Amino acid sequence: MTQIVIANYLGSGRVVFLAKGSGNGSVSWGELIDTAEVATDEDRATALLALAEADVAERNVVMDPYLIDVEEEGGSLRPTKYREAIRALGPTVRQDLGKQAEGAEA
Amino acid sequence: MALLERKDGAAAVIEDRFTRVDDEAALPVGPVIVSLSRFQAEREALLARDADLGVWLDSDESPSEIAGDLGKLAVVACNFPAFNDGRGFSYARLLRERHGYEGEVRAIGEVMLEQAPFMARSGFSTFELGDVSDVAEFKAVIEEVRTVYQPTGDGRETALQRRLGR
Amino acid sequence: MYRYDEFDHALVQDRVTQFRRQVERRMKGEISEEQFRPLRLMNGLYLQLHAYMLRVAIPYGTLDSRQMRKLAYIARRYDKGYGHFTTRQNIQYNWPKLEETPDILAELAEVEMHAIQTSGNCIRNVTSDQYAGAAKNEIEDPRIWCEIARQWSTLHPEFSFLPRKFKIAITGCENDRAAVKVHDIGMIMKRGAAGEVGFEVLVGGGLGRTPFVGKTIREFLPKEHFLSYMEAILRVYNQLGRRDNKYKARIKVTLHETGKEEFTRLVEEEWEAIKDSTLKLPKEEVDRIAAHFHPPAWKALPNDAPTCDSRAASDPEFAAWLRHNVEEHKTAGYAIVNISVKPPGEPPGDVTDVPMEAMAEMADAYSFSELRVTHVQNVTLPHVEKEQLPALFDDLAKHGLATANVGLVSDIICCPGLDYCALANARSIPVAQELTKRYTLERQQEIGDMQIKISGCINACGHHHVGNIGILGVDRKGEEHYQVQLGGSASEDASLGKIIGRGFTQDEVIEVVDKLLDTYLELREGEEAFIDTYRRVGMNPFKERVYGTA
Ligand code: SF4
């Protein structure tokens, strides 16, 4: 299994991912899925979610974190559920909006 | 938990004179609030005590159950088992406007500060608020929206009355 | 249209201040998301798939050019340049920031608009006939009563934490363009025995998981009891409605489980106790509000319109637009114009800032600055001089707003679905886009009246139950799938569609619609509309064609 933590920024509402390097008392969030910290076993996944939830309570910058399943595809992460794939990219009917449009510049 | 009171346009933190008594517990001396079922089971004895009496209604217990005894009750508390269980709003209005009850109507349970304005308008006079104990904040929130459209038992002048009075 | 007085202004401004304070408390961490959620929802602020979503009320669908310009400005300044008109005559912005929502609400308050009660378990924005004040056989402008209801329901102390959301629709005539029969309360204006005006009161209509057509609980309600009767219904519902299961919490289930007779008895009993209270409407106040809805200064015009007729004779495109998008007005020499904001291939209901401003311009130039948003997600100019129709058509065409498809196959009702909505099971917009591109206008005109309605989940914001063809997105083992229903209608002959059979993939569902339309064209008699053919021949012929067997 491969999982990452997805959430929303409190202020902007934008979708964010628990970023690589989070742990050991430091937590950061990134807007692009490829910057996400990946868990490949259940214990690690549970630990990442706990980290995210603690950050919700402590710093109050994100909300509603939860785990999603992802696959690696050509060096990129992709959610396995289509709902989460749409969240990670943006509306399929407006390819000019959302992360799919911002990927290059970010 | 703080007990806040809203009375004649003023707001205050007040001391709770009442002890809320579980159904099985022995009655302490002094004013008590009991459940509806206990009140119904021990009505005579409770009314014969030499202290103020209150009844708390759960959200599925209508004030019509105690309509005949309201004159003998110092407080009726309406319990909100969850903030979104809004039956208590109707009960408060019925207590005030249908049954003419003039005693204390208390909001207990999952009561949020931000609901207090609706509660006050519905007829509640005291509030057990979990998320605030600051009177100034309570008062500010309660009076935040100055216009009211609905005529309720709280006697506040509605937009319509002010329009007609112009 | 209604103009706020100082009391209405003060309320909306106070509400902005209140929300600003609530947002600050949230940002500072004084209240948790759990505590904040009901507060933001009471101001129409959702958290959706990609971001927050703000739903702004367009009370009973009426707005003026100044308000439309403000909506365009907000789209540009605070969002990504567009908004989505909904089936409840509201507008949704898909990308607002929490920190900026108080500013958006302050901007709205400037033009007498707000987002109060566009979500949450409270009385929602009251909806009405988009032709109100212009419709031919209208008894009275229903917006007078919508505005009375709006004020009464705004921050109602008793009914802000109901078992579930509560939707009210009011019409002024027997032609139902507001889907009154699928609302929690539907009020249909009618005349009593002595010619006096009142309402037929329906309760318990609704779509979603268990759809119901509303039932009449009172044949005639005199006008002055309009509010007390609604208060009685709501009070009974607030106490009786189920709170243990959110799928059974709507009043339609309360009515169903209590039984219509008993429910009606309880309402009437409650009403007896309050009908002569202060809720009884004084004539003075009704007149004050009615004065705001006095007709605009229509000119005395002849009914024939030679310029318009000759253009129609020489320009088939204009003629088609006239036939499909323009309706008769109650006043000689005037017409009602429906602007289709659904050109082929575009998401239904989505409009960007520039066309919004163009429509505002045109409202100023042609329609006494008035516009309406319709429950089929189009925009209406209610009072256009017939002789001006050619000029208006040309202006509309310049902005890509002259698609002559109102009431046709491509005039699809469609919810945002999984492209935006956190509750969705499947996408709905791509299905609509595919269908709107599929048929030429000629072909659509040949097919005639047709309501296709698409929802991305069982909540039915896209009204699929009452589509002649209804399409519902479902999740089948992790794949987007679509269920098809036939025979629904949202008009005065309201009916709920029936599921035709097993579901389809997105590609298949498009072909299914082809087959349904072909079957209809083969079977129809004379000028019969799809819904009438369906009612005459039943499900089987359609089923046979789609599945190869009945
Ligand atoms: S019908 Fe479902 S998917 Fe569509 S907008 Fe409503 S809740 Fe969302």
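Procedures and definitions
- Residues numbered from 1 in each chain as written.
- Chains lettered and ligands numbered in written order.
- Predicted model: local features only at pLDDT ≥ 70, side-chain atom pairs only at ≥ 80, totals over all residues.
- Heavy atoms only, no water.
- Contact = heavy atoms within 4.5 Å.
- Buried area = accessible area lost by both parts, 1.4 Å probe.
- Salt bridge = Lys/Arg side-chain N within 4 Å of Asp/Glu carboxyl O.
- Polar contact = N/O pair within 3.5 Å; in protein donor to acceptor, adjacent residues only side chain to side chain.
- Helix = DSSP H or I, 4+ residues; strand = E, 2+ residues; numbered from the N terminus.
- Phe/Tyr/Trp six-rings, centres within 6.5 Å; stacked < 30°, edge-to-face > 60°.
- Buried < 20%, exposed > 50% of the residue type's maximum accessible area, 1.4 Å probe, protein only.
- pLDDT = per-residue confidence, 0-100.
- Axes fitted to C-alpha atoms, helices over the stretch in contact; angles between N-to-C directions.
- Parallel < 35°, antiparallel > 145°, perpendicular 65-115°, else oblique.
- Nonpolar A, V, L, I, M, F, W, Y, C, P; charged D, E, K, R; others polar.
- Pairing = 2+ DSSP bridges.
- Expected span 1.5 Å × (residues − 1).
- Arc of directions from axis to C-beta.
- Near = heavy atom within 4 Å.
- Core = buried A, V, L, I, M, F, W, Y, C linked by side-chain atoms within 4.5 Å.
- Domains from an automatic or database assignment.

Caption draft 1: Spatial organisation of the interface of chain C and chain B. Across the contact, 44 residues belong to chain C and 36 residues belong to chain B. Taken over both partners, the interface formed by chain C and chain B buries close to 3700 Å², and the fraction arising from carbon and sulfur atoms is 55%. It is Phe7, Pro157 and Phe161 of chain C in chain C that bury the most area against chain B; as a group they hold 21% of the surface buried on that side. If you look at where chain C meets chain B, you find 12 salt bridges. Salt-bridge contacts for glutamate 285 of chain C lead to arginine 163 of chain B; the nearest nitrogen and oxygen are separated by 3.0 Å. Applying the counting rule to chain C against chain B returns 25 residue pairs in polar contact (both at pLDDT 80 or more). For the side of chain C that touches chain B, the secondary-structure elements that each account for two or more residues are α1 (6-27), α2 (33-41), α5 (143-153), α6 (226-240), α8 (260-274) and α9 (283-292) of chain C. For the side of chain C that touches chain B, the element with the highest residue contribution is α1 of chain C, accounting for 11 residues.

Caption draft 2: Structural context of the packing of aromatic side chains. In total, this model carries 24 aromatic pairs over all chains according to the counting rule given. With a centroid separation of 6.5 Å and 85° between ring planes, the pair formed by phenylalanine 83 of chain B and phenylalanine 161 of chain C is classed as edge-to-face. Taken as a pair, phenylalanine 83 of chain B in the loop between β6 (75-80) and α3 (87-98) and phenylalanine 161 of chain C in the loop between α5 and β7 (168-171) lie in two separate chains rather than in one. Centroid distance tyrosine 520 of chain C to phenylalanine 530 of chain C: 5.4 Å. Interplanar angle 65°. Geometry classified as edge-to-face. On the criterion of sequence distance, the pair formed by tyrosine 520 of chain C in helix α16 (residues 506-523) and phenylalanine 530 of chain C in helix α17 (residues 530-537) is long-range, its members being 10 residues apart. Since its relative accessible area comes to 0%, phenylalanine 530 of chain C is described here as buried. Members of the aromatic cluster, each reached through a chain of ring pairs, are Phe80, Phe83, Phe89, Phe118 and Phe124 of chain B together with Phe161 of chain C.

Caption draft 3: Molecular detail of the pattern of salt bridges. According to the stated counting rule, one finds 83 salt bridges over all chains in the structure shown. Two residues, glutamate 270 of chain C and arginine 98 of chain B, come together in a salt bridge whose shortest N-O distance is 2.6 Å. Placement of glutamate 270 of chain C in helix α8 and of arginine 98 of chain B in helix α3 is noted, with the two residues assigned to different chains. On the accessibility criterion, arginine 98 of chain B (34% relative accessible area) is partly exposed. One salt bridge connects glutamate 112 of chain C with arginine 3 of chain C, and the closest N-O pair in it is separated by 3.5 Å. In this pair, glutamate 112 of chain C is assigned in the loop between α4 (101-110) and β6 (127-128) and arginine 3 of chain C in the segment before α1, connecting sequence segments 109 residues apart. It is possible to trace a salt-bridge network through shared partners that takes in Arg93, Glu97 and Arg98 of chain B together with Glu158, Glu231, Arg235 and Glu270 of chain C.

Caption draft 4: Quick look at the confidence of the model for chain C. Here chain C shows a mean pLDDT of 95. Residues at 70 or above account for 100%. Reported for the predicted complex are a pTM of 0.94 and an ipTM of 0.96.

Caption draft 5: Geometry of the packing of helix α10 (residues 306-314) of chain C against helix α13 (residues 389-398) of chain C. All names here are of chain C. Axis separation between α10 and α13 bottoms out at 8 Å; the angle between their running directions is 55°. As summarised for this structure, α10 and α13 are arranged oblique, according to the angle between their axes. Note on element contacts: α13 touches α10 through Leu389, Pro390, Phe393 and Asp394, opposite Thr307, Cys308 and Arg311. Split by residue class, the contact of α10 with α13 holds 4 nonpolar, 1 polar and 2 charged.

Caption draft 6: Spatial organisation of the sheet that holds strand β2 (residues 52-56) of chain C. All names here are of chain C. Read from one edge of the open sheet, 5 strands run β1-β2-β5-β4-β13, paired in antiparallel fashion. Among the strands making up the open sheet, the edge pair consists of β1 (45-47) and β13 (350-352). Strand-to-strand, the axes of this sheet are offset by a mean angle of 30°, without reference to chain direction. Direction of pairing for β2 relative to strand β5 (residues 91-93): antiparallel, over a ladder of 3 bridges. Bridge pairing in β5 links arginine 55 to glutamine 92. Here helix α12 (residues 353-366) sits on the sheet and contacts β4 (82-85), β5 and β13; the angle it forms with β13, its principal contact strand, is near 80°.

Caption draft 7: Broad picture of α8 of chain C. Compared with an ideal rise of 1.5 Å per residue, which puts 15 residues at 21 Å, α8 of chain C spans 21 Å between its outermost C-alpha atoms and is within 8% of the ideal. All buried positions along α8 of chain C are accounted for by Phe263, Thr264, Leu266, Val267, Glu270, Trp271 and Ile274 of chain C. Across the axial projection of α8 of chain C, the buried residues extend over an arc of 160°, all falling on one side. Along α8 of chain C, exposed side chains directed more than 90 degrees from the buried face belong to Glu261 and Glu272 of chain C. Elements that come into contact with the buried residues of α8 of chain C comprise α3 of chain B together with β9 (197-203), β10 (215-222), α6 and α7 (251-258) of chain C.

Caption draft 8: Region of interest: the environment of glycine 74 of chain A. Residue and element names in this part refer to chain A. In this structure, glycine 74 sits in the loop between β4 (62-73) and β5 (76-79). Exposure remark for glycine 74: the relative accessible area of 87% places this residue in the exposed category. Taking the C-alpha atoms as reference, glycine 74 lies 25 Å from serine 28; in sequence the two are 46 residues apart.

Caption draft 9: Structural detail: the site of the ligand. Near the ligand you find Cys415, Pro416, Gly417, Cys421, Leu423, Ala424, Ser455, Gly456, Cys457, Asn459, Ala460 and Cys461 of chain C, and these make up its full shell. The residue makeup of the shell around the ligand, split by class, is 8 nonpolar, 4 polar and no charged.

Caption draft 10: Broad picture of the interface of chain C and chain A. On the side of chain A, 23 residues touch chain C, which itself brings 34 residues to the contact. Carbon and sulfur atoms supply 58% of the area buried between chain C and chain A, which totals about 2200 Å² over both sides. On the chain C side of the contact with chain A, Leu47, Leu49 and His50 of chain C bury the most area, a combined 24% of that side's loss. Taken together, the connections running from chain C to chain A amount to 0 salt bridges. Linking chain C to chain A there are 9 residue pairs in polar contact (both at pLDDT 80 or more). For the side of chain C that touches chain A, the secondary structure elements donating two or more residues are α1, α2, α14 (429-438), β18 (469-476) and β19 (479-486) of chain C.

Caption draft 11: Region of interest: the nonpolar core. Residue and element names in this part refer to chain C. In terms of nonpolar packing, the biggest core is built from 158 residues, with Leu71, Phe226 and Trp321 touching the most fellow members. With 9 residues, α6 is the largest single contributor of residues to this core. Here phenylalanine 226 is in contact with Trp145, Ile148, Ala149, Ile170, Met187, Phe199, Leu221 and Leu281, once residues within four sequence places are set aside. Membership of the second largest hydrophobic core comes to 40 residues, among which are Ala51, Ile447, Val513 and Tyr520.

Caption draft 12: Spotlight on the side chain of glutamate 147 of chain C. All names here are of chain C. In this structure, glutamate 147 sits in helix α5. Taking the relative accessible area as the measure of exposure, glutamate 147 reaches 1% and is therefore buried. Ignoring any residue separated from it by four or fewer positions in sequence, one finds glutamate 147 in contact with Tyr2, Tyr60, Ile289 and Phe293.

Caption draft 13: Up close: the domain arrangement of chain C. Residues and elements named next belong to chain C. Parsing chain C into structural domains produces domain 1 (6-110), domain 2 (134-292), domain 3 (306-398) and domain 4 (413-547). Taking only C-alpha atoms into account, the centre of domain 2 sits 30 Å from that of domain 4. Each side of the interface is counted separately: domain 2 has 12 residues, and domain 4 has 11 residues. In total, domain 2 and domain 4 occlude about 1000 Å² of area from one another, counting both sides; carbon and sulfur atoms represent 67% of this. Looking at the side of domain 2 facing domain 4, the largest losses of area belong to Asp176, Leu207 and Gly208, adding up to 37% of the total buried there. Where domain 2 packs against domain 4, one counts 1 residue pair in polar contact (both at pLDDT 80 or more). Of the residues belonging to the side of domain 2 that touches domain 4, the class tally is 6 nonpolar, 2 polar and 4 charged.

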